[in-house]
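# Observations on the three-dimensional arrangement
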Amino acid sequence: MNISNNNYSNIFDLPNEILFIIINKLNIGDVIYSLFDVNERFVHLLFDPLYIQNLNITLMTMKSFYQRTFSVHEQVLSNICENILPKIYDQVRKLAIEQNSIERILTYNYSQLYSLSLVNFKEEILYQYLTDYSILRDLLTQQITHLNIDIQSDEIPKLLSKISTNIFILVLILCQRLTNLNFCQLFSYRNSFISIYNLPKTSCSYSTLIELKINVATFNDCLYLLDGRFDSLSKLTINVKRIGCEILKEKNKRKLPKLKYFSLTSFSFTCDFDEYIIPLLRRMINLEELILFLSIINRTASTFSGIALYNQVLVHMSHLNKFVFSINTGVCIMNNEINIPSDEDIQDSFIGREYGQVGSYVHFEPRTPVDTTTDIEQAKAVVKFHIYSLPYQFESFFHLNNSFRGGMFVNVRYLVMTDSFPFEHEFFKITSDSFPFLKNLKIYNWKPQKKKQHPSTLLNFPHLNVLNLVSAHHDYAEQFLVDTNTHLPCLLDLCITYESLDVVTNNFTNDATQLHCSKLKGLHIDKPFVRPKHFDEYFPLLLHMSKVIRRFFFE
């Protein structure tokens, strides 16, 4: 039978160049299993050296946003191991595997292999393999120069156990040729951290590592990596869980002349930008590229003008040719004497200092002071500044408020909205238009909406997987879960208080909210509860329930 002899377009009619582009967009395990025996033409394409040299034998399946599996189907795996690998193993240069298939995949001698990704491993299982599995140990010792490690976590974010710290140390000891290491930054949604700063100095002396990506618990961990033991490091991408309350054993002033690229991310607010971060940046005398994603609490607004940032940091980096940043600043107003710069003042301070195009907005929030020791709770008001380079390159956008005037942020997948003034339907329309590929939305706002009669415009968040309303008034549950207000075709997980869920669903009987609820795979509630009569009918696809904790926006 001539498959292509019909009146419809057929994949067999496409030229090889187009087919090769399509195949490269698909999971290689699925492609090999599905097309291996179709015809000689496809076999020739599949065994092209440029294609099979990068072999990814994992397949991500989302049960919910936070519950994912990476195992390929047993039948697919058997076919790959028995029919494919014997023909290509000596051509594979990059390999990605998960814990359930590692022993079957690593039975071959991958003589060209230099890059290995260990995906979705439990930390105790990975440590056991690194300790006892000689095939893996030999690969790491003799061949691997690029290593990616991804560790399972049952909660997000999570400080991993000491086992993961030991894995990090063991990797550095085993991998004698390692130049590039990605430790727990393979998937941004995991947000898992390790602690390493209190390790003995002799335990990690490593001179071949050139590039490191890692998530660490404290700023001391960051300083540990830059104290001289990684003396060849030229590129460091680091996510710090919390910067503050550090007990620094010594203030290292040693310059870092080999460091060319530095990316620092921290989602939590810090009060210690001047004390910790600026001195570290000044040590990077030959830095060529600087990436900063920070949230800072300060007593003065002038620190984060373009002039101050240039004088404090950038003037010390004569080789810098790229500076990308997103800096949220909360200035605590303790009295009425401070001068608050306008948005125009902020913009003007960045002109003419090689920052490139900059976006910003300024937001004033009055507060009722609380008798406590923290500035943010004693303050009469908080002025929030968000300053960022354009085009915006980060996947996260934090502390968006009603002063935001819109834009186009196509890279953002995770958005946090915070305000002491209500978010109305019109502002959510600006938000949905500005962040068209948003997947994770978290709202901190206890103020009820004033305009309860929503206009006819239907909000559309076409890619949203996670909606977190656990620290939001129940009006926002109505705004998003009523299907005539908002279109959420991809919603998988909802984080919410039981009180808000009960109100907006009318004890799980409201037809207007059932459409979105019926598609949920994960439900995360603030307290335990007994399932009401219609609960299971309302959430027929629910696979996972967990407890979530209310948090303040500055945590």
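Treat the numbers as computed from the prediction; the structure is a model and nothing was measured.

Turning our attention to empty space enclosed by the protein. According to the stated counting rule, one finds 2 cavities of 30 Å³ or more in the structure shown. Here the largest cavity defines a volume of roughly 60 Å³. Lining of the largest cavity is provided by 11 residues; of these, F269, N328, T329, K384 and H399 occupy positions nearest its centre. Counting residues per element, the ones that place at least two in the lining of the largest cavity are β14 (322-333) and β16 (381-389). Its residues placed into classes, the lining of the largest cavity shows 4 nonpolar, 6 polar and 1 charged. Looking at the lining of the largest cavity, you find at least three residues from each of domain 3 (260-369 + 377-394) and domain 4 (395-554).

What follows covers the packing of aromatic side chains. For the structure on display, the rule yields 43 aromatic pairs. Centroid distance Y89 to Y108: 5.4 Å. Interplanar angle 25°. Geometry classified as stacked. One end of the pair, Y89, is in the loop between α5 (74-88) and β4 (94-98); the other, Y108, is in the loop between α6 (102-105) and β5 (115-121), and 19 residues separate them in sequence. Of the residues examined, Y89 reaches a relative accessible area of 26% and is grouped as partly exposed. The class for Y108 is partly exposed, based on a relative accessible area of 23%. With a centroid separation of 4.8 Å and an interplanar angle of 40°, the aromatic rings of F535 and F539 are classed as tilted.

Let us now look at the nonpolar core. Counting residues in each nonpolar core, the largest one holds 108 residues, and the members touching the most others are L95, L147, F168, F262 and L290. F262 has contacts with C222, L226, L236, I238, L280, L281, M284, L287, E289, L290 and I291, leaving out every residue within four places of it along the chain. Judged by nonpolar contacts, the second largest core, of 52 residues, contains Y392, L400, L464 and L523.

Compared with the 21 Å implied by 1.5 Å per residue over 15 residues, the 20 Å span of α5 between its first and last C-alpha is a close match. A bend of about 40° at C81 is the largest found in α5. Regarding α5, the residues found buried are V76, L77, S78, N79, I80, C81, I84, L85 and I88.

To continue, consider the sheet that holds strand β10 (residues 211-218). Hydrogen bonds along the backbone pair up the strands of a sheet, which may run parallel or antiparallel. A sheet is described by the order of its strands in space; here 12 strands give the open sequence β1-β4-β5-β6-β8-β10-β11-β12-β13-β14-β16-β15, paired in mixed fashion. Each having just a single partner strand, β1 (54-56) and β15 (358-366) make up the two edges of the open sheet. Going across the sheet, the axis of each strand differs from the next one's by a mean of 10°, ignoring polarity. By the bridge criterion, 5 bridges tie strand β11 (residues 235-242) to strand β12 (residues 261-270) in an arrangement that is parallel. Its bridge partner lying in β12, I238 is registered against L264. Of the strands in this sheet, β14, β15 and β16 touch helix α13 (residues 343-350), which is tilted by about 145° from β15.

The rules behind these values
- Residues numbered from 1 in each chain as written.
- Predicted model: local features only at pLDDT ≥ 70, side-chain atom pairs only at ≥ 80, totals over all residues.
- Heavy atoms only, no water.
- 1 Å grid on protein atoms, 1.4 Å probe; cavity = no way out; pocket = protein on both sides within 12 Å on 5 of 7 lines; lining within 4 Å.
- Points joined across faces, edges and corners; volume = space filled by probe spheres on them.
- Helix = DSSP H or I, 4+ residues; strand = E, 2+ residues; numbered from the N terminus.
- Nonpolar A, V, L, I, M, F, W, Y, C, P; charged D, E, K, R; others polar.
- Domains from an automatic or database assignment.
- Phe/Tyr/Trp six-rings, centres within 6.5 Å; stacked < 30°, edge-to-face > 60°.
- Buried < 20%, exposed > 50% of the residue type's maximum accessible area, 1.4 Å probe, protein only.
- Core = buried A, V, L, I, M, F, W, Y, C linked by side-chain atoms within 4.5 Å.
- Contact = heavy atoms within 4.5 Å.
- Expected span 1.5 Å × (residues − 1).
- Bend = angle between axes of the 7 residues up to and from the residue.
- Pairing = 2+ DSSP bridges.
- Axes fitted to C-alpha atoms, helices over the stretch in contact; angles between N-to-C directions.

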